[in-house]
Each structure stands twice: as structure tokens, then as C-alpha cells.
Amino acid sequence: MQIAIASGKGGTGKTTVSVNLYYFLSVKYNNKVQLIDCDVEEPNDMLFFPQAKKKSETEVYTIVPEIDKAKCTFCKKCAVWCEFNAISIVKNLKFAEVNYDLCHSCGACFEACTFDALKQIENPLGRISEYQTTFGAGIMEGRLEIGSAMQTALIKKVKKQASTGQTITLLDAPPGTSCPVVETVANADYVILVTEPTPFGLHDLKIAVEVLKELKKPFGVIVNKAGLGNNDVYQFLKENNITLVGNIPFSKNYAANYSRGDLFENIPAELEKSYHTIVDQLQLIIS
Amino acid sequence: MKEITVLSGKGGAGKTSITAALASLAQNAVFCDNDVDASDLHLILKPEIKETHQFDSGSLAFINQETCTKCRTCQDVCRFEAIFTNNDGSPEVNPLQCEGCRLCERLCPADAIQTHQNLNNNWYVSYTRFGAMVHAKMGVGEENSGKLVTRIREKAREIALENKADFVLNDGPPGIGCTAISSITGTNAVLLVIEPTVSGLHDAKRLVELVNSFQVPICAIINKYDINTEFTATVESYLKENKIVLVGKIPFSKMFVESILVEKSLIEFAPNHPISLNLKSIWKMIRQLLISKTCFQ
Ligand code: SF4
Ligand code: SF4
Ligand code: SF4
Ligand code: SF4
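Here's a quick rundown of the structure. (Residues numbered from 1 in each chain as written. Chains lettered and ligands numbered in written order. Predicted model: local features only at pLDDT ≥ 70, side-chain atom pairs only at ≥ 80, totals over all residues. Heavy atoms only, no water.)

## Observations regarding the packing of helix α1 (residues 15-25) of chain B against helix α11 (residues 274-292) of chain B
Residue and element names in this part refer to chain B.
Working step 1: Orientation of α1 relative to α11, taken along the N-to-C sense of each, is 75°, at an axis distance of 10 Å. Between α1 and α11, the angle is such that the two are roughly perpendicular. In this structure, α1 uses Ala21, Leu22 and Leu25 to contact α11, whose residues at the interface are Leu279, Lys280, Trp283 and Ile286.
Working step 2: Within the contact of α1 with α11, the residues separate by chemical class into six nonpolar, no polar and one charged. (Axes fitted to C-alpha atoms, helices over the stretch in contact; angles between N-to-C directions. Helix = DSSP H or I, 4+ residues; strand = E, 2+ residues; numbered from the N terminus. Parallel < 35°, antiparallel > 145°, perpendicular 65-115°, else oblique. Contact = heavy atoms within 4.5 Å. Nonpolar A, V, L, I, M, F, W, Y, C, P; charged D, E, K, R; others polar.)

Right, dumping it as C-alpha cells:
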């Protein structure tokens, strides 16, 4: 069972909800719960587990071309086949260059070159790390090389490495609604959208709902920071028959805990209660 | 004309509320919402759309089932696993996974594949009560958002030059990916909005690394600083160590949400409130830094 946690926009509390769900679901499901941080640009989940032990770290790469100028005839076919303008060839100057920032690692150039002038080399994409936490089945995160624009490729690799055999795999999605988010939720069985009851929250929720409807994904909504803002978001959920999975009240004290990275100790009773309700709701949805 | 980009690394630090406040202070500026995935600035600035433009966001392969011989070549060569076997046993392209590389089209022995351009993204030039604004809306799961950011920034600069505006104010995207890179390249300064939280600082650090690699000067605001004054001190010493000018600290206030509820910037909502006065002095400081330039080292 894969549950993705997404939010349309950043700052709605997606990370807090993911990390807390990891905890409360682990309690309920005998620790057979895994958390995967798919926000590869800014993975944050591990910040809340300073005691966790790193189990493994793997460097991951994409395959990109390197031009062997001794063999290259500067025929330009590779450049013509590259839809991403990553290859520049100037015949007169015997100039041949690959711009790795633009390369999508699609492999077209290798098929194009009939002179065996392209070597496959590895370009660093990022790192995948696995951690053992004191509860649950562990956390995995992907961390994108700074300056790389290949989030989707890394998310794909992280999801592939995720251990199967867990009762629940939680996927913490990146903010927004573009390709990396779509990649994260692509195989999820259920998606939880975290929103806040403000005009920004509602606006971004509407976009996220549109995306999930297009993807035909079953989903529900958690309203975080309830009490801060207005009731429009509830109105919207009702009008569109969207499941309200839970409400998490706004608490300035808890915000202070969060700022220190301290989530599970000193969790206010009312918040604990709302997470229990959410876990019960999810159990109903899953079964 | 100077261009300033507001960024935060992490979402939810209050970037858009602060951009809106600065927008109502900056007279003679052009606004550009670089957060093309989840733009929010328009909710406060209420732009009236004047021009709509289409933007090509890459291509998408399409298989003609009538000419396809089901040889599976396309499925084997696609590195994005975008081609799957549908219920009829025929190969089909998953539009959300296809990167539009055209490799399948080029290798299909039956010429059964065609790649079409996606024109799913729009960008707009608008009027707002504070000046011209350029913004965009991406289609679902679309790519090339970096290029779209570059395009709308170009337009914003063009308008600023035409109108002899003093500033272009970019509301940046979250993260450090392609859209963030596109919104940093060539800007005169980055205004970093940091929340004093473990994750806020962590993300800000990664962002600073990125901005430094482009050698763009940075100044910073600590937002909601009173949530954790101890951690605020940590953030302050980080800024100092990295020679980032701290232009101001803003306390947590529900007033930001209240002002958005009535579609106003905080400055319009409560012009004489201490936070508004605070924001005014922040803006003055940023202006001075931008104009003197020497303050950024
Ligand atoms: S792998 Fe694809 S994107 Fe990269 S250079 Fe070759 S053709 Fe271009
Ligand atoms: S296709 Fe091969 S030979 Fe032709 S320009 Fe490219 S690398 Fe050189
Ligand atoms: S390569 Fe062409 S003919 Fe072969 S399965 Fe794909 S679409 Fe059909
Ligand atoms: S265009 Fe490229 S990504 Fe799209 S289906 Fe064909 S081979 Fe795959």
C-alpha cells in the first residue's frame, strides 16, 4: 500500500504531517511502515530524526554521452536527434560539446551516431540514503545534486529502491503540481493532500485536485493549521464531495516545537487526538 | 532598472505575503510571479489580464494504432518507461511520463509514431493596482517550467525598460530546482525569506549555495522570528558568517492571513501597524542596498 502526501504548495505542513503519520501509523501497524522523502530538492524529513542511524548511501547517476573527437566525423546527426539542444557540433572548427545541464539522458544520440564516437559516461544525479529510526521500518531520502534539473529521474530511482514488503509506504511529495509531483504520486494507491484554510491554501488545493482528477487517483484532504483563516476550504470540499481525512488545529506552541525539530515529544493532546482520528480514517479508506 | 528575486528555499516561509507587501511599497515596479507551478501572488494583486501567450512545454509522442505492428521497439528504447502495453495489448504512451525525446518516433520501423508539441502552458501580461505584472499558469504535470520562468522574466524586464520602471520584483518558486535556477540567473539581488526552523535554515543553506554559484548578492529577512528566538539567533549567526545582510526581522502575526482573506497586502490592510512600518524600513534598506550596490560584497 503506497500513500503519497502532497500539497499543491509549500508550507502547508506536509513534512510535519508525513513525519507524524510515519510515527502514528508505525504504532498502529507493527512498525511495518516506511517513509520515503521524494522532495529531492529539499529533503527535510530526516531533520526530525537526529538520532537515526544511516544504513546505506548510494550515489546515483544518469547516463550521458561523451564525444570521442578522434572518431567523430562532425556529421551533426547526434545534435539533430537531441531534442534538448544538449549537443553542439561545428564541423569547420572540429568543435563538439555536450551541455550536461540540458541532457535528459534519453539515449537518442547514442542511437544516432553511426561512427561509434559516443561513449556512455555517468553524470552524478544525487544520493539515495536509507536510515534506521527508533520506530517504523526506516526512512529513505533522495538528495538531488545541487544545480541538477533531473528531479523526476531521481524520484524514479528512489521509488525503485524502496523496500517492498512493508504494509504501508508513505511518499512525501515535493511541493507544487509539476512533473516531480506527478512522478511521486504515479503509482500511489491513495493520495493525501495537505492544505491550510487560507486563500493561498485553497487556491493551490484546487490545482492539486485538478491534477489528481486528471491522474484518476483516489485522494482525501487533511486541513492543517485549522482555525487560522476561514471556512472556504471546507465549503469547497463539501461541494466537490472530497473526503476530509482530518483536521489538525493550529498551535503556536507546536510551531515552536517544530522549529526546533522536536515533533513527537511534547505533542499537544489535541494534536495527538487529531492524528489518531486520521489514522483511524485512513484504516477505513485502505480496507 | 534593478531586478530583485524573493526566494525562500522552503515553501510557506511567507515569501508571497512579503512580496505583496513590497509590491505595494515599490512605486514604479513591474512584478513577475516566477512560481509558475503554484502561483499565489495574483490572489493579492488581482491582475487584470491584458495579453495571453502560449508557451511550448515540450513534446509528447502519440502512437497510431492502425499502422503499429506491435514490434515493441518503442517500448524497449524509451528510457523513461513511458510506453506501456494497454488493455488491448497495444503499446500506448503515458503522457505524464513521456519527455518528448522523439527516440521512439525515430526508431519505429512502421512510422507509426508522431510527436506533437504541447501548448498547455499560458503566460500573461496584466495590470494590477501597483503596476504591470507578468505571470503564468502551467498545464498539469508539464515540463520546461525553467524555460517558462526565463520567458516571463524577459518580458517583465522588457516592460520595465519600456515603462522606465526602477525595479522588477520576482516572487520566486520554492526549492532549488530548474525554476529556482531560472529565477536566479541574471537577477541583481536575491532576497531570502527565512523561517527560524530547522528545515527553514536547512533549505536556506542549500539555496545560498546555489545563489552563490551564480555570484548573485543576497540579503535576508527572518520571518516569524519570535516563534523561536533562540533559533533566530542561530539563523542570524549563519547569515553573519556568510556575509549575508539581514535587512529585517518580522514577528509571527495572524494579520498576514487576515489581510489575504480580504485580498490586500499587509501594507494596505494595516498601514500604520508596527509590522507595516517594519516592512517599510526593510524596503528602504533593500532599495539603498540595490542602488549603492557596494554594500553587497
Ligand atoms: S542523451 Fe538525449 S538529451 Fe542527452 S545529449 Fe543525448 S540526445 Fe541529448
Ligand atoms: S553523430 Fe557521432 S560522428 Fe556525428 S557528430 Fe555526433 S558524435 Fe560525431
Ligand atoms: S516501434 Fe512502432 S511499430 Fe513497433 S510497437 Fe512501437 S509503435 Fe508499434
Ligand atoms: S518520445 Fe521519448 S520519452 Fe516519449 S515515449 Fe518516445 S521514447 Fe519515450
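From this point, things continue past the structure.
## Examining unusual backbone geometry
Working step 1: The backbone of Asn31 of chain A sits at a positive phi, close to 65°, despite the residue not being glycine.
Working step 2: Mapping Asn31 of chain A onto the fold places it in the loop between α1 (14-28) and β2 (33-37).
Working step 3: For Asn31 of chain A, a relative accessible area of 37% corresponds to the partly exposed category.
Working step 4: You will see that Lys46 of chain B, though not glycine, has its phi angle at about 45°, which is positive.
Working step 5: Looking at the element boundaries, Lys46 of chain B is found in the loop between α2 (41-45) and β3 (48-55).
Working step 6: Judged by its relative accessible area of 41%, Lys46 of chain B is partly exposed. (Buried < 20%, exposed > 50% of the residue type's maximum accessible area, 1.4 Å probe, protein only.)

## Quick notes on the environment of Cys75 of chain A
Working step 1: For Cys75 of chain A, the position within the fold is in the loop between β3 (53-67) and α2 (77-81).
Working step 2: As a C-alpha pair, Cys75 of chain A and Ala255 of chain A span 180 residues in sequence and 60 Å in three-dimensional space.

## As for the side chain of Arg153 of chain B
Residue and element names in this part refer to chain B.
Working step 1: Along the polypeptide, Arg153 turns up in helix α5 (residues 145-162).
Working step 2: When its relative accessible area of 3% is taken as the criterion, Arg153 is described as buried.
Working step 3: Contacts of Arg153, omitting those with residues within four sequence positions, involve Glu3, Cys32, Asn34, Asn170, Ser182, Ser183, Ile184, Thr185, Gly186 and Thr187.

## A closer look at helix α7 (residues 198-213) of chain B
Residue and element names in this part refer to chain B.
Working step 1: Between its first and last C-alpha, α7 extends 23 Å over 16 residues, near the 22 Å set by a 1.5 Å rise per residue.
Working step 2: For α7, the tally of buried residues reaches twelve of 16 residues, placing the bulk of the element in the interior.
Working step 3: Just downstream of α7, Gln215 is the residue with a positive phi angle, here 50°. (Expected span 1.5 Å × (residues − 1).)

## As for the packing of aromatic side chains
Working step 1: Scanning the model with the defined rule gives eight aromatic pairs over all chains in all.
Working step 2: Aromatic side chains Tyr23 of chain A and Phe24 of chain A sit 4.9 Å apart centroid to centroid with 75° between the ring planes, which places their arrangement in the edge-to-face category.
Working step 3: Phe24 of chain A sits in the buried class, given a relative accessible area of 6%.
Working step 4: Where Phe24 of chain A meets Tyr275 of chain A, the ring centres are 5.3 Å apart and the plane angle is 10°; that geometry is what we call stacked. One end of the pair, Phe24 of chain A, is in helix α1; the other, Tyr275 of chain A, is in helix α9 (residues 269-286), and 251 residues separate them in sequence. Summarising the burial analysis for this pair, Phe24 of chain A and Tyr275 of chain A share the class buried.
Working step 5: Among the aromatic residues, those joined into a cluster by ring pairs are Tyr22, Tyr23, Phe24, Phe49, Phe135 and Tyr275 of chain A.
Working step 6: The ring centre of Tyr225 of chain B lies 5.3 Å from the NZ or CZ of Lys249 of chain B, which sits over that ring. (Phe/Tyr/Trp six-rings, centres within 6.5 Å; stacked < 30°, edge-to-face > 60°. Lys NZ or Arg CZ within 6 Å of the ring centre and 35° of its normal.)

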